[in-house]
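# Fold and contact review
Listed below, chain by chain, are the residues.
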Amino acid sequence: MKRIVNFSAGPATLPFEVLQQVQAELLDWNGSGMSVMEMSHRDKEFMSIAQAAEQDLREVMGIPANYKVLFMQGGATAQFSFVPMNLLRGKAGADYIVTGDWGKKAAKIGGQLCKVNVAASAEADKFTHIPERGSWNLDPDAAYVHITPNETIHGVEFHAEPDTAGVPLVADMSSNILSRPIDVSKYGLIYAGAQKNIGPSGVTIVVVREDLLGETLPKTPAIFDYKQVADNESMLNTPPCFAWYVAGLVFKWMKQQGGMTAIGERNAAKAALLYDYIDSEPFYTNPVRKADRSRMNVPFTLANPERDADFLKGAKAVGLSGLKGHRSVGGMRASIYNAMTIDGVQALVDYMKEFVRTQS
Ligand code: PMP
């Protein structure tokens, strides 16, 4: 077996130890005589898996008791609609801060259900920075302020929570959840698709302050209603059991790694290794303002874009995969989520150096 170094933006690399555990437990989970894929979600075996996953997530992320944790389906994309369905609470609209394509999509889909005020956007600058907080045109009567703390395509990240003057902050954390310590109490709602830092695709995590629940738009189906999902422990219908189980193993792995502080430090070191090299070598460019650079997704371009295909081909030949940039921006992108090792990032830097050497 030869595993590649996987820089895919998502679904993405998972911790090797977790995959090994999944393999060991695949045919017979904990003496049950069956795989987690074959269990009834109502059986005590799966209930214990589900509850342990929530407890471990609460512990590792520091989720206060007045927040509900939901395990939903439909990806972050479904949350673009569920958020306004659930959080408008009689108000007419919400503020959106657009820092990349994902925030733009959230605003567009949110706009189908409520009045969306794009309070700030960096689109005119090709999403290369977070607009200054002072320039935001927030509506004091907004139901919530929506941000995308990490823009997966453009590699732009908030490094602190913005002050929203008491209006609930809603965050699409799909690509940087659990990558460093955060103060959950600063958020009204956090959502994230699992397939970057949490586990396989198919499960979506929602962390929501409970006082925001219970006032959905008329005709909101029960399965999209956070309160009803919470009251039924995310089991109104059959949940994505296997993805939930693997997510639980990843939360345990995070605790073993030393929790958010240790993981955050390692992520900072990995990102610094790559950005420092890119900044030192004129052949490569990252366009994002330094203070707003993502520690999870590092886009970069080559001085000579005609060499892009050769770069990718050579990378693949030495076992480095998933480096092609998103089709909307081109160039390269290295996604270096929690499960990417520092050795993996070092291997990429070594390859990038070697590629430059072969240019002359
Ligand atoms: N938001 C962000 C920040 C993302 O990176 C992605 C997926 N790459 C999405 C939303 C969409 O997620 P999903 O495919 O789970 O709907």
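Just so it is clear, the structure is predicted and the values come from calculations on it, not from any experiment.

Rules and cut-offs
- Residues numbered from 1 in each chain as written.
- Predicted model: local features only at pLDDT ≥ 70, side-chain atom pairs only at ≥ 80, totals over all residues.
- Pairing = 2+ DSSP bridges.
- Helix = DSSP H or I, 4+ residues; strand = E, 2+ residues; numbered from the N terminus.
- Contact = placed C-beta atoms within 7 Å.
- Axes fitted to C-alpha atoms, helices over the stretch in contact; angles between N-to-C directions.
- UniProt positions renumbered as here; feature names shortened; annotations may be inferred.
- Buried ≥ 20, exposed ≤ 12 C-beta atoms within 10 Å, placed from the backbone.
- pLDDT = per-residue confidence, 0-100.
- Near = placed C-beta within 6 Å.
- Domains from an automatic or database assignment.
- Nonpolar A, V, L, I, M, F, W, Y, C, P; charged D, E, K, R; others polar.
- Parallel < 35°, antiparallel > 145°, perpendicular 65-115°, else oblique.
- Left-handed = near helix turned anticlockwise from the far one by under 90°.
- Core = buried A, V, L, I, M, F, W, Y, C linked by C-beta atoms within 7 Å.

Moving on: the sheet that holds strand β11 (residues 284–285). Strands sit in the order β11-β12-β14 across an open sheet of three strands; the sheet is antiparallel. Sheet topology places β11 and β14 (332–335) at the edges, where each strand pairs with a single neighbour. Here four bridges tie strand β12 (residues 297–302) to β14, and the two strands are oriented antiparallel to one another. Pairing of Val298 across the sheet is with Ala334, part of β14. Against the sheet, helix α7 (residues 259–280) contacts β11, β12 and β14, and its axis sits at roughly 20° relative to β12.

To continue, consider the UniProt feature "binding site: L-glutamate" (unreviewed entry) in the protein. Per the UniProt record, "binding site: L-glutamate" (unreviewed entry) is annotated on Arg42. Take Arg42: it is sitting in the loop between α1 (16–25) and α2 (44–61). By C-beta crowding, Arg42 is classed as exposed, having 9 other C-beta atoms within 10 Å.

It is worth spelling out the UniProt feature "domain: Aminotransferase class V" (unreviewed entry) in the protein at this point. Under the local residue numbering, the UniProt record ascribes the feature "domain: Aminotransferase class V" (unreviewed entry) to residues 4–348. Split by type, residues 4–348 is 32% helix and 17% strand. Its first and last C-alpha atoms lie 12 Å apart.

The next point concerns the confidence of the model for the protein. Per-residue confidence for the protein averages 97 on the pLDDT scale, and 100% of its residues sit at or above 70. As scored by the predictor, the complex reaches a pTM of 0.98 and an ipTM of 0.99.

With that settled, the discussion passes to the site of the ligand. The ligand sits among Gly10, Gly75, Ala76, Thr77, Trp102, Thr148, Thr152, Asp172, Ser174, Ser175 and Gly193. The dominant element in the shell around the ligand, judged by the number of residues it contributes, is helix α3 (residues 75–87), at three residues.

Here the protein is described as being made up of domain 1 (17–257) and domain 2 (258–358). Each partner contributes to the interface: domain 1 provides 23 residues, whereas domain 2 provides 25 residues. Broken down by class, the residue content of the side of domain 1 that touches domain 2 amounts to seven nonpolar, eleven polar and five charged.

Another aspect to go through is the packing of α2 against helix α6 (residues 241–256). Contact pair α2 / α6: the axes reach a minimum separation of 8 Å and the direction vectors enclose 40°. Between α2 and α6, the angle is such that the two are oblique. When you trace α2 past α6, the crossing you get is left-handed. Across from Phe46, Ile49, Ala50, Ala52, Ala53, Asp56, Leu57, Glu59 and Val60 in α2, the residues of α6 making contact are Cys241, Trp244, Tyr245, Ala247, Gly248, Phe251, Lys252, Met254 and Lys255. When the residues that make up the contact of α2 with α6 are grouped by side-chain class, the tally is 13 nonpolar, one polar and four charged.

Turning our eyes to something else, we now look at the nonpolar core. Most often, soluble globular proteins have nonpolar side chains that are buried together. With 72 residues, the main nonpolar core has Leu189, Ile205, Val206, Trp244, Ala247 and Val250 as its most contacted residues. No other element matches the eleven residues that α6 contributes to this core. Look past the residues within four positions of Leu189 in its chain and what remains in contact with it is Val83, Leu87, Pro168, Val170, Val206, Val207, Val208, Arg209 and Leu212. In terms of nonpolar packing, the next biggest core, distinct from the first, is built from 23 residues, Val5, Ala315, Leu323 and Ile336 among them.

On to the packing of α3 against helix α4 (residues 101–110). Orientation of α3 relative to α4, taken along the N-to-C sense of each, is 50°, at an axis distance of 9 Å. Between α3 and α4, the interaxial angle falls into the category oblique. Between α3 and α4 the crossing geometry is right-handed. In this structure, α3 contributes Phe80, Ser81, Val83 and Pro84 to the contact, and α4 contributes Lys105, Ala106, Ile109 and Gly110.

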